[in-house]
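One-letter residues, chain by chain:
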Amino acid sequence: LLAAVVFRESSVAAGAALYDDSSGQSDKIRYWSELRQEMMRKGMNPSCGRVVRAVRHVGTQVLVAGEDKVALHEMSRRGMKRTMEVDTGPNPLGVCVLALAQAHGREAFVLACPRPAKGEVQLLQGSAGRIDVTAHSSSIVCVALSRDGRLLATAGSKGTIVRIFSTSDGRKIQELRRGADRADIYPDSKWLAVSSNKGTIHVFSVNVDLSSLVLTDSSFVPEYFKQDCSLAKFRLREGEKYWVAFSHEPNTILIIGMDGR
């Protein structure tokens, strides 16, 4: 069983998106209403058409990843409406990410997922079209967006390099060097955290001037020196899954483990 917490206004104050099952063959998502203490009606069942590998929620947008495509849905009181479907090629990890960004005074979604070509990522922003990014020479295993949707971070199956791109034009703006284990990435506007199943969490500084989204002076150096090392590292119990978030408090991160800590 996999779940995602959903916060909404109107009839559902809080809930959970659930997709299952032990056979690993579920192609639907069901919603639990915390307000009503019941499963929601059948119209709330977005799907990617095949086995569900991941689900992402931002506002009224719901992104569902299958084994070879992702589907974007619009959530309303009437149910779910599919608005977009994108081919990803083989994607058994359900790699995808969704964010809301401000564009010309309006909110617009930013979506990132693998392309069928190995090591490439596709960025879609509302009605602005698609940007293709050549991110790694190996298969994409993780993508993440900053909360404002302006920065994309990626990791390949080799795991040694995390790259950061501008979502406005797909330009690479920074490289971060880490270990060889599979990584989960958690970017913020100033910091980026990377966790692995070895129980280590690295925190990097993001050297980007977001006011104009240009490289800071410290980044105009030869390519080798752009592969920055982490400025802080946390070592936790190995073998556990951890989620990382940046607090609103300065210089503070929050770490939640599947072991309850």
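Above: the structure in question.
So, a few notes on the structure that sits alongside this text. Everything quoted here is computed from the prediction, not taken from an experiment.

## With respect to the overall build of the protein chain
For step 1, the next point in the chain: On a plain count of helices and strands, the protein chain comes out with zero helices and 25 strands.
For step 2, the next point in the chain: Burial statistics for the protein chain: of 261 residues in total, 48% are counted as buried.
For step 3, the next point in the chain: Contacts in the protein chain between residues far apart in sequence, at least 24 positions, make up 40% of those at least 6 positions apart.
For step 4, the next point in the chain: If you sum the accessible surface of the protein chain, you get close to 13,700 Å²; carbon and sulfur atoms cover 51% of it.

## Observations regarding the pattern of salt bridges
For step 1, the next point in the chain: Summed over all chains, the structure comprises 13 salt bridges.
For step 2, the next point in the chain: Taking the shortest distance from any N to any O, the salt bridge between Arg82 and Glu85 comes out at 2.5 Å.
For step 3, the next point in the chain: Of the charged contacts in the structure, one is a salt bridge between Asp259 and Arg261, with a shortest N-O distance of 2.9 Å.
For step 4, the next point in the chain: Counted as one network, the salt bridges with shared partners bring together Arg115, Glu120, Arg130 and Asp132.

## Quick look at the sheet that holds strand 5 (residues 54-58)
For step 1, the next point in the chain: In space, the four strands of this open sheet follow the order 5-6-7-8, with antiparallel pairing throughout. Sheet topology places strand 5 and strand 8 (79-87) at the edges, where each strand pairs with a single neighbour. Strand-to-strand, the axes of this sheet are offset by a mean angle of 20°, without reference to chain direction.
For step 2, the next point in the chain: Strand direction decides the pairing type here: strand 6 (residues 61-65) and strand 7 (residues 69-76), joined by five bridges, are antiparallel. Bridge pairing links Gln61 to Glu74 in strand 7.

## Describing the nonpolar core
For step 1, the next point in the chain: Ranked by internal contacts, the top residues of the largest apolar core, which has 16 residues, are Val121, Leu123, Val133, Val143, Leu145 and Leu152.
For step 2, the next point in the chain: With sequence-adjacent residues up to four places away left out, Leu152 is seen in contact with Ala112, Val121, Leu123, Val143, Ala144, Leu145, Arg163, Ile164, Phe165 and Thr167.
For step 3, the next point in the chain: Ranked by size, the runner-up nonpolar core spans 15 residues in total, among them Ala153, Ile164, Leu176 and Val206.

Cut-offs used in this document
- Residues numbered from 1 in each chain as written.
- Predicted model: local features only at pLDDT ≥ 70, side-chain atom pairs only at ≥ 80, totals over all residues.
- Heavy atoms only, no water.
- Helix = DSSP H or I, 4+ residues; strand = E, 2+ residues; numbered from the N terminus.
- Buried < 20%, exposed > 50% of the residue type's maximum accessible area, 1.4 Å probe, protein only.
- Contact = heavy atoms within 4.5 Å.
- Areas by Shrake-Rupley, 256 points an atom, 1.4 Å probe, with all protein chains shown as cover.
- Salt bridge = Lys/Arg side-chain N within 4 Å of Asp/Glu carboxyl O.
- Pairing = 2+ DSSP bridges.
- Axes fitted to C-alpha atoms, helices over the stretch in contact; angles between N-to-C directions.
- Core = buried A, V, L, I, M, F, W, Y, C linked by side-chain atoms within 4.5 Å.

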